[in-house]
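# A closer look at the structure
One-letter residues, chain by chain:
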Amino acid sequence: MTRQLTLNAFVMPAGHHEAAWRHPAAQPERLTDIGYYQQIARHAEAAKLDAIFFADFPALGPSPQHNVNAVFEPITALAAIAAVTERIGLIATASTTYYEPYNLARLFASLDLISGGRAGWNIVTTASAAAAANFGLDAHPNPEQRYARAHEFVEAAIALWNSWDEDALVLDGAAGIYADPGRIHTADYTGTHIRTRGPLNVPRSPQGRPVLVQAGASNQGRFFAARFAEAIFTAHQQLADAQAFYTDIKDQARRQGRDPAHVKILPGISPFIADTEEKARALEQEFNELIVPAHGLAQLQGTTGVDLSGLALDTPVPLEAFPDTGDVTDNRASRPQVIAGIVRRERPTVRQLLHRLAGARGHRVVAGTPEQIADTIQEWFTQGAADGFNVMPPYYPGGLEDFTTTVVPILQERGLFRTDYTGTTLREHLGLPRPAHRGADQPVIEEPEQDLATV
């Protein structure tokens, strides 16, 4: 079969435009109703999308008076979604800074079993300091500390998922043997930041372990992704920048002894869709007119450290406010770099910059006909810039429905996207191998003597 696109539905409660909840097409009263997300997931599954993806942040976001910040914990929500879907992948974000490997490995192993092998973990180190106090820390660790912990964290989680062999469950009722302890192994992971013994108390899951996803594009993030990630979520405005990122990650993965085909690069795309380009741009403008500038300015400052609140909205953004943050091969701060690029290329006013970022926080926003959206996706896919896309509808549920009913059929007609699922697990959807288990030559658990009266 020819190479196929990967398409995920990136679920943001009301939509990816920051003012989506205010638009008449949105359903803000349903954002804490699990039935709403189950409906979205079933629709994405009917369109044969690879996965739905939930972002997360372990703190209340900025400006709760102006934007949606009350959201479900994603692993819990995806477990509920697993119960009403059969094939679509289920990807949740969880932080290596504010979890411990044992409980996180157990959560994702459970989700993978509940869903029949459809779980994916979006690995983040958490960039914002707002979460630190929620977990009893005086300060948020710096990037070097966070990534050092993240490397060990993922290694420990993999060791825990590998602690059960494929055939560890015996289920011999006649002999009274549930599991073979010789096929269950300790993890015995000891690092500078992480220690865990194991084994995990959840058996090996249908796809061996969850798919590992990553979203950081800084230099540290790229090295981490090339080492561990099986899918990478990224943000690019320009085809050339996306191509450079794609080539860099594939090359780094190859140098680490990995098959580059097993590292999927998935930029974000937020489409405004209508039957003419003029109508699509008018729809985008409808949303932009609903933004609250104070919220957009707070978001911008939180992302870049740049405070533009003292400027009139129709004042051009000063170029010196966004100094050079590195190029696509020496990238010290990925999202600030994207925003700095917009300022340098487009010379926007403060209002125009807020509009540009309101649509998808630096991801690519496109407005056009279904054919134009499909052309953009095809160009990036065939020109070495993407293996697929995280689709970020500006509003839910209608924005996703517009995409799946008008753009997906075009991609299917062009032979770029599946017309039906051929597998049952997320790994099968993505064309990823199933990891081998550790095998019986690994350390076996030692069963301690127990006082039956206390068990």
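As shown above, the structure is provided for reference.
What counts, and where the lines are drawn
Residues numbered from 1 in each chain as written. Predicted model: local features only at pLDDT ≥ 70, side-chain atom pairs only at ≥ 80, totals over all residues. Heavy atoms only, no water. Salt bridge = Lys/Arg side-chain N within 4 Å of Asp/Glu carboxyl O. Helix = DSSP H or I, 4+ residues; strand = E, 2+ residues; numbered from the N terminus. Buried < 20%, exposed > 50% of the residue type's maximum accessible area, 1.4 Å probe, protein only. 1 Å grid on protein atoms, 1.4 Å probe; cavity = no way out; pocket = protein on both sides within 12 Å on 5 of 7 lines; lining within 4 Å. Points joined across faces, edges and corners; volume = space filled by probe spheres on them. Nonpolar A, V, L, I, M, F, W, Y, C, P; charged D, E, K, R; others polar. Phe/Tyr/Trp six-rings, centres within 6.5 Å; stacked < 30°, edge-to-face > 60°. Expected span 1.5 Å × (residues − 1). Arc of directions from axis to C-beta. Contact = heavy atoms within 4.5 Å.

## Observations regarding the pattern of salt bridges
Should the charged atoms of two oppositely charged side chains come close, the side chains can pair. Inspection of the entire model under this criterion finds 20 salt bridges. Taking the shortest distance from any N to any O, the salt bridge between Asp420 and Lys48 comes out at 3.5 Å. Of this pair, Asp420 sits in the loop between α12 (398–413) and α13 (426–430) while Lys48 sits in the loop between α1 (34–46) and β2 (51–54); the two residues are 372 residues apart in sequence, bridging distant segments of the chain. A salt bridge links Arg222 to Asp248, with the shortest nitrogen-to-oxygen separation between them at 2.9 Å. Taken together, the residues Arg222 in helix α5 (residues 219–228) and Asp248 in helix α6 (residues 239–255) connect sequence positions 26 residues apart. Asp248 shares its class with Arg222; the two are buried. Taken together, the shared-partner salt bridges connect Arg3, Lys250 and Asp387 into one network.

## Here's the deal with empty space enclosed by the protein
Tallied over the full model, the rule gives 2 cavities of 30 Å³ or more. If you go around the largest cavity, the residues you meet are Ala109, Leu160, Trp161, Trp164, Leu200, Val202, Pro203, Arg204, Ser205, Gly208, Arg209 and Pro210. Looking at the lining of the largest cavity residue by residue, the classes come out as 8 nonpolar, 2 polar and 2 charged. As a volume, the second largest cavity reaches approximately 40 Å³. Looking at the second largest cavity, the residues that line it are Glu18, Ala19, Trp21, Arg22, His66, Leu290, Ile291, Val292 and His295. Residues belonging to the lining of the second largest cavity are distributed by class as follows: 5 nonpolar, 2 polar and 2 charged.

## Quick look at the packing of aromatic side chains
The geometry of an aromatic ring pair comes down to the distance between the two centres and the angle between the two planes. Evaluated as defined, the whole model comprises 14 aromatic pairs. A ring pair is formed by Tyr37 and Phe72, whose centres lie 5.8 Å apart and whose planes are at 70°; its orientation type is edge-to-face. With Tyr37 in helix α1 and Phe72 in the loop between β2 and α2 (74–82), the pair connects residues that are 35 residues apart, well separated along the chain. On the basis of relative accessible area, Tyr37 is assigned to the buried category, the value being 3%. Judged by its relative accessible area of 30%, Phe72 is partly exposed. Three or more aromatic residues joined by ring pairs form one cluster here, namely Tyr36, Tyr37, Phe54 and Phe72.

## Focus: helix α3 (residues 101–115)
Its 15 residues give α3 an end-to-end C-alpha distance of 21 Å, which sits within 8% of 21 Å, the value for a rise of 1.5 Å per residue. Residues Pro101, Leu104, Ala105, Phe108, Ala109, Leu111, Asp112 and Ser115 constitute the buried set of α3. Looking down the long axis of α3, one finds its buried residues gathered within 160° of arc, a one-sided arrangement. In this fold, the buried residues of α3 make contact with α2, β3 (89–95), β4 (119–124) and α4 (143–161). Positive backbone phi, approximately 75°, marks Gly116, located one or two places after α3.

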